[in-house]
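Here are the chains, one letter per residue:
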Amino acid sequence: MDMTGDTDQAASAGEGAGLDPREAARILDQARRQARRESDPRSALAAVVGAGVFLFGYGAVWWSMRDQQVYSGPAGWSLAVLYGLIAVSAITAGVAGRRAHAGVSGRARRQLWGVAAAVAAAGVGAWVVQGSLRYLGVSLEIVYGIYGPTVPLIALAAVAAGTAAMRESWLQLGVCIAIIIVASASTFFGPLGAWGLTGLGCCLVLLAYAAGLVVEQWRT
Amino acid sequence: MHEPLDPLIHVPARLRIVVTLATLSEGDALSFTRLQNMLELTPGNLITHLRKLEDAGYLTSTKTGNGTGSTTSLALTARGRAALDAYTEALRNLLGGLAP
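It should be emphasised that the depicted structure is a prediction, and the values quoted were computed from it without experimental measurement.

Conventions used here
- Residues numbered from 1 in each chain as written.
- Chains lettered and ligands numbered in written order.
- Predicted model: local features only at pLDDT ≥ 70, side-chain atom pairs only at ≥ 80, totals over all residues.
- Heavy atoms only, no water.
- Helix = DSSP H or I, 4+ residues; strand = E, 2+ residues; numbered from the N terminus.
- Rg over C-alpha atoms; globule rule 2.2 N^0.38 Å.
- Contact = heavy atoms within 4.5 Å.
- Areas by Shrake-Rupley, 256 points an atom, 1.4 Å probe, with all protein chains shown as cover.
- Lys, Arg positive; Asp, Glu negative; His and termini not counted.
- Charge placed at Lys NZ, Arg CZ, Asp CG, Glu CD.
- Phe/Tyr/Trp six-rings, centres within 6.5 Å; stacked < 30°, edge-to-face > 60°.
- Buried < 20%, exposed > 50% of the residue type's maximum accessible area, 1.4 Å probe, protein only.
- Expected span 1.5 Å × (residues − 1).
- Pairing = 2+ DSSP bridges.
- Patch = residues over 30% accessible without salt bridge, like charges linked within 9 Å, V, L, I, M, F, W, Y side chains within 5 Å.
- Salt bridge = Lys/Arg side-chain N within 4 Å of Asp/Glu carboxyl O.
- Core = buried A, V, L, I, M, F, W, Y, C linked by side-chain atoms within 4.5 Å.
- Axes fitted to C-alpha atoms, helices over the stretch in contact; angles between N-to-C directions.

Undergrad: Outline the overall build of chain A, listing residues and values.
TA: Summing up its helical and strand segments, chain A has seven helices and one strand in all. Going from the N terminus to the C terminus, chain A shows its helices and strands as α-α-α-β-α-α-α-α. Relative to a compact globule of 220 residues, whose C-alpha radius of gyration would be 17 Å, chain A shows 23 Å and is clearly more extended. Judged by the C-alpha coordinates and their principal axes, chain A covers about 80 × 35 × 30 Å.

Below is the structure:
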């Protein structure tokens, strides 16, 4: 091992000749729980911030359109609120992920890049299709009012669901499926329904997820 | 008759090192700095324990880069994982039902 140390203090000072097996069992259990907790990228705080994006971001867009008899699109300020909150949410989730993966190299790091590529491809693909629909003459109401708030979200949730299933993270898988159900069902209710119901429903799903994470982490 | 506890692992600091590295998936490695932060050991103490584990073939260390920018990554070997499994099993038998 090519590492320099300040001392060669004998590890024998801590040798476990007198280590009680019960104490060893306690150390083993505690170390395992601590390592799992510290390497878990899931964050209740990030989930609550995500819930805020849906409640206040999607809610702002819904609020700005609520009196429109004929669809004319959301107000600029509501889109600013939405994208500002999305940026805050992305930063919060990124910090939690970086903290969990700090110092880890090898397969996990490559998998992380693979997931990031899949998420980017899903998001970009969904937005490209949105552009093509508009290009082909589909109405603004459909393209921005219904497709915009739901289909990119469904695409991203589908990627996240696949990743969660591969990791056997059933709580996360349930959340992704719930988001897909809420977003797809809301499209039946027009632009106001798509923004309003998706916002409210996904907010509740993420708050439930945050509560589930707190309970899970408290148990471990 | 119980299996004896592996004396190399049956030391608080080394037990914590092996368990922490075992939570990584196979093929993953953890930096020396992160491991030190997680276990709150001094560098000298940690190095001493790591050397013993590496000498026994329980872990591998890989150094990348040079000088202050260098990073040492640590990973448990298959032999190390098997040793921890055997240790856990021996401990479970000794205590008559340790929660995994």
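Right, picking up where we left off after that structure.
Undergrad: Give me the lowdown on the overall build of chain B, citing residues and values where you can.
TA: Within chain B, the regular secondary structure consists of four helices and three strands. Traced from its N-terminal end to its C-terminal end, chain B shows the element sequence α-β-α-α-β-β-α. Each principal axis of the C-alpha atoms in chain B carries an extent, and together these give about 50 × 25 × 25 Å. Long-range contacts, defined as pairs at least 24 residues apart, comprise 51% of the intrachain contacts of chain B with a sequence gap of at least 6. Here chain B displays about 4,600 Å² of accessible surface, and carbon together with sulfur accounts for 51% of that area. Across chain B, the 9 positively charged side chains and the 9 negatively charged ones have centroids separated by 7 Å.

Undergrad: Please provide a residue-by-residue account of the packing of aromatic side chains, values included.
TA: Residues and elements named next belong to chain A. Inspection of the entire model under this criterion finds three aromatic pairs over all chains. On the numbers, 5.1 Å between centres and 50 degrees between planes, the contact of Phe54 with Tyr58 is tilted. Residue Phe54 and its partner Tyr58 are both found in helix H2 (residues 44-65); the two are separated by four residues, about one turn of the helix. The same class applies to Phe54 and to Tyr58, which are both buried. Between Trp62 and Trp63 the ring centres are 6.4 Å apart and the planes differ by 55 degrees, which places this aromatic pair in the tilted class.

Undergrad: Let's hear about helix H4 (residues 78-95) of chain B: which residues, and what values?
TA: Residue and element names in this part refer to chain B. Look at H4: 26 Å from first C-alpha to last across 18 residues, which is about the 26 Å you get at 1.5 Å a residue. Among all positions of H4, only Gly80, Arg81, Ala83, Leu84, Tyr87, Thr88, Ala90 and Leu91 are buried. Gly96 sits one or two positions beyond H4 and adopts a positive phi of about 70 degrees.

Undergrad: Mind laying out the pairing of strand E1 (residues 28-31) of chain B, listing which residues take part and the relevant values?
TA: Every second residue of E1(B) is oriented toward a common face, with B:Asp28 and B:Leu30 on one face and B:Ala29 and B:Ser31 on the other, all of them buried. Pairing of strand E1 (residues 104-106) of chain A with E1(B), which is carried by three bridges, proceeds in the antiparallel orientation. Counted as the bridge partner of A:Val104 is B:Leu30 from E1(B). Across two bridges, E1(B) lies against strand E3 (residues 71-76) of chain B in antiparallel orientation. If you follow B:Ser31 over to E3(B), its bridge partner there is B:Ser73.

Undergrad: Let's hear about a nonpolar patch on the surface: which residues, and what values?
TA: Residues and elements named next belong to chain A. Judged by side-chain polarity, Val48, Leu55, Phe56, Leu200, Leu204 and Leu207 come together as a nonpolar surface patch covering roughly 560 Å² of accessible area. Among the secondary structure elements, those contributing two or more residues to the nonpolar patch are H2 and helix H7 (190-219). Note that Leu207 resides in helix H7.

Undergrad: Could you give an account of the nonpolar core, with specific residues and numbers?
TA: By size, the foremost hydrophobic cluster in this structure holds 38 residues, and its most contacted members are B:Leu15, B:Ile17, B:Leu21 and B:Leu35. Aside from chain neighbours lying at most four places away, what touches B:Leu35 is B:Ile17, B:Thr20, B:Leu21, B:Leu30, B:Leu46, B:Leu50 and B:Leu74. Counting 23 residues, the second largest nonpolar core, distinct from the first, contains A:Ala183, A:Cys202, A:Ala210 and A:Leu213.

Undergrad: Please set out the pattern of salt bridges residue by residue, giving values where relevant.
TA: Under the defined criterion, the tally for this structure stands at six salt bridges over all chains. Salt-bridge contacts for A:Arg26 lead to A:Glu23; the nearest nitrogen and oxygen are separated by 2.8 Å. Here A:Arg26 and its partner A:Glu23 are both found in helix H1 (residues 21-38), three residues apart, which amounts to about one turn of the helix. On the basis of relative accessible area, A:Arg26 is assigned to the partly exposed category, the value being 41%. For B:Arg92, the salt bridge goes to B:Glu89, with nearest N and O atoms at 3.0 Å. Placement of both B:Arg92 and B:Glu89 in helix H4 is noted, with a separation of three residues, approximately one turn of the helix. Classification of B:Arg92 as partly exposed rests on a relative accessible area of 24%. Under the relative-accessibility criterion, B:Glu89 is labelled partly exposed at 38%. Residues joined by salt bridges that share partners form a network here, namely A:Asp40, A:Arg42 and A:Glu216.

Undergrad: Which residues make up the sheet that holds E1(B), and what values do they have?
TA: Strand order in the open sheet formed by four strands is E1(A)-E1(B)-E3(B)-E2(B), and the pairing between neighbours is antiparallel. In this open sheet, the two strands that pair with only one neighbour each are E1 of chain A together with strand E2 (59-64) of chain B. In this sheet, neighbouring strand axes are inclined to one another by 35 degrees on average, regardless of whether the strands run parallel or antiparallel. Running over the sheet, helix H1 (residues 12-22) of chain B touches E1, E2 and E3 of chain B and is turned about 85 degrees from E3(B).

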